[in-house]
Amino acid sequence: MRIMAIDYGDAHTGIAISDPTGFMAGTTTVINAYRPEQVAEGVKKFAEEYGVEELVLGYPKNMDGTLGPRAEKAETMAALLRETVGLPVVLWDERRTTIDAHRILQGNGQNAKKRKKTVDAVAAALILEGYLTFKKKP
């Protein structure tokens, strides 16, 4: 079963799709769009193309676990994705994924300008890996 993780952002949305077994992260990309409807349509296109059966949307909680404006945007996006794509959406705690993605890319020698183009896809891959690890637990 393929699973898609989504790191939703105001202008760039990272996408990571698992391999066909749902065991590890595979394809990553970025949807460059400002309007939530455009993002949802982009997710739908990838979901259909790759045969995705479940969506995992990054849920940006505050470091103390409380919910803020970004979490509210994620909840609104989750509802739009359910309606547009027609797949179940799991909200997944994404604290620190973007920070970790920047560190990974910086560790690989990418300067800030290059990191900006790929950080959202790496953050989505981190969300996906966390979720897949959780699903493997007995």
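Here, residues in each chain are numbered from 1, in the same order as that chain's written sequence. Only residues with pLDDT of at least 70 are given local features in this predicted model, and only at 80 or more are side-chain atom pairs given and counted; all residues enter the totals for whole chains, interfaces and linings. For side-chain calculations, the full set of non-hydrogen atoms in the structure is used, while hydrogens and water are omitted.

Before going further, it helps to spend a moment on the side chain of S18. Inspection of the secondary structure assignment puts S18 in strand 2 (residues 12-18). It only takes one pair of heavy atoms within 4.5 Å for two residues to be counted as in contact. Each residue touching S18, except ones within four places of it in the same chain, is listed here: M1, R2, I3, M24, A25, G26, L128 and L132. The helix count covers DSSP runs of H or I at least four residues long, the strand count covers runs of E at least two residues long, and both are numbered beginning at the N terminus.

Looking now at helix 1 (residues 36-50). Expected helix span is taken as 1.5 Å per residue step, with the number of steps being one fewer than the number of residues. With 15 residues, helix 1 ought to run about 21 Å at 1.5 Å a step, and its terminal C-alpha atoms sit 21 Å apart, in line with that. Exposure categories follow from relative accessible area, calculated using a 1.4 Å probe and restricted to protein chains: below 20% of the type maximum is buried, above 50% is exposed, and the middle band is partly exposed. Taken residue by residue, helix 1 has V39, A40, G42, V43, F46 and A47 as its buried positions. Buried residues along helix 1 cover an arc of 160 degrees about the axis, so they all sit on one side. For helix 1, exposure combined with an orientation more than 90 degrees from the buried face picks out E48 and E49. Where the residues of helix 1 are buried, they touch strand 1 (2-7), strand 2, strand 3 (25-32), strand 4 (52-59) and helix 2 (69-85). Of the residues trailing helix 1, G51 is marked for its positive phi of about 70 degrees. Relevant arc is that of directions from the helix axis to the C-beta atoms, nothing else.

What follows deals with the sheet that holds strand 2. Here, a strand pair is defined by DSSP locating no fewer than two bridges between the strands. As summarised here, the arrangement of the 5 strands in space is 3-2-1-4-5, forming an open sheet in which the pairing is mixed. The open sheet has two edge strands, strand 3 and strand 5 (89-93), and neither has a second partner. Neighbour-to-neighbour, the strand axes of this sheet turn through a mean angle of 25 degrees, independent of strand direction. Sheet topology note: the strand 1/strand 4 ladder contains 5 bridges and is parallel. Following the sheet pairing, M4 is matched in strand 4 by L55. Between N-to-C directions, angles cover 0 to 180 degrees, with each direction set by a line fitted to C-alpha atoms, over the stretch in contact for helices. Sitting on the sheet, helix 1 is in contact with strand 1, strand 2, strand 3 and strand 4, with an inclination near 150 degrees to strand 3.

By secondary structure assignment, the location of M24 is in the loop between strand 2 and strand 3. The partly exposed category is assigned to M24, whose relative accessible area is 48%. The spacing of M24 and L128 is 104 residues in sequence and 8.1 Å in space, taken between C-alpha atoms. Residues in contact with M24, not counting those within four places in the same chain, are S18, D19 and L132.

Here we come to the packing of helix 1 against helix 2. In contact at an axis separation of 9 Å, helix 1 and helix 2 are set at 50 degrees when each is read in the N-to-C sense. Taken together, the axes of helix 1 and helix 2 are oblique relative to one another. Crossing handedness for the pair helix 1 and helix 2: right-handed. Along the contact surface, helix 1 presents P36, E37, V39, A40, E41, V43, K44 and A47, while helix 2 presents M77, L80, L81, T84 and V85. Angle categories: roughly parallel below 35 degrees, roughly antiparallel above 145, roughly perpendicular from 65 to 115, and oblique for all the rest. Crossing chirality is assigned from the near helix's rotation relative to the far helix, an anticlockwise turn below a right angle marking it left-handed and a clockwise turn marking it right-handed.

Once that is clear, we can look at the packing of aromatic side chains. Two rings from Phe, Tyr or Trp (for Trp, the six-membered ring) form a pair when their centres are within 6.5 Å of each other. A pair whose planes differ by under 30 degrees is stacked, one over 60 is edge-to-face, and the rest are tilted. According to the stated counting rule, one finds 2 aromatic pairs in the structure shown. Seen in terms of ring centroids, W92 and Y131 are 5.2 Å apart; in terms of plane orientation they differ by 80 degrees. Their pairing is edge-to-face. One end of the pair, W92, is in strand 5; the other, Y131, is in helix 4 (residues 112-136), with 39 residues separating them in the sequence. For the ring pair W92 and F134, a centre distance of 5.3 Å and an interplane angle of 55 degrees mean the geometry is tilted. A residue pair is termed long-range when its members are at least 10 positions apart, and W92 in strand 5 and F134 in helix 4 qualify at 42 residues. With a relative accessible area of 47%, F134 lands in the partly exposed category. Among the aromatic side chains, those forming a connected cluster through ring pairs are W92, Y131 and F134.

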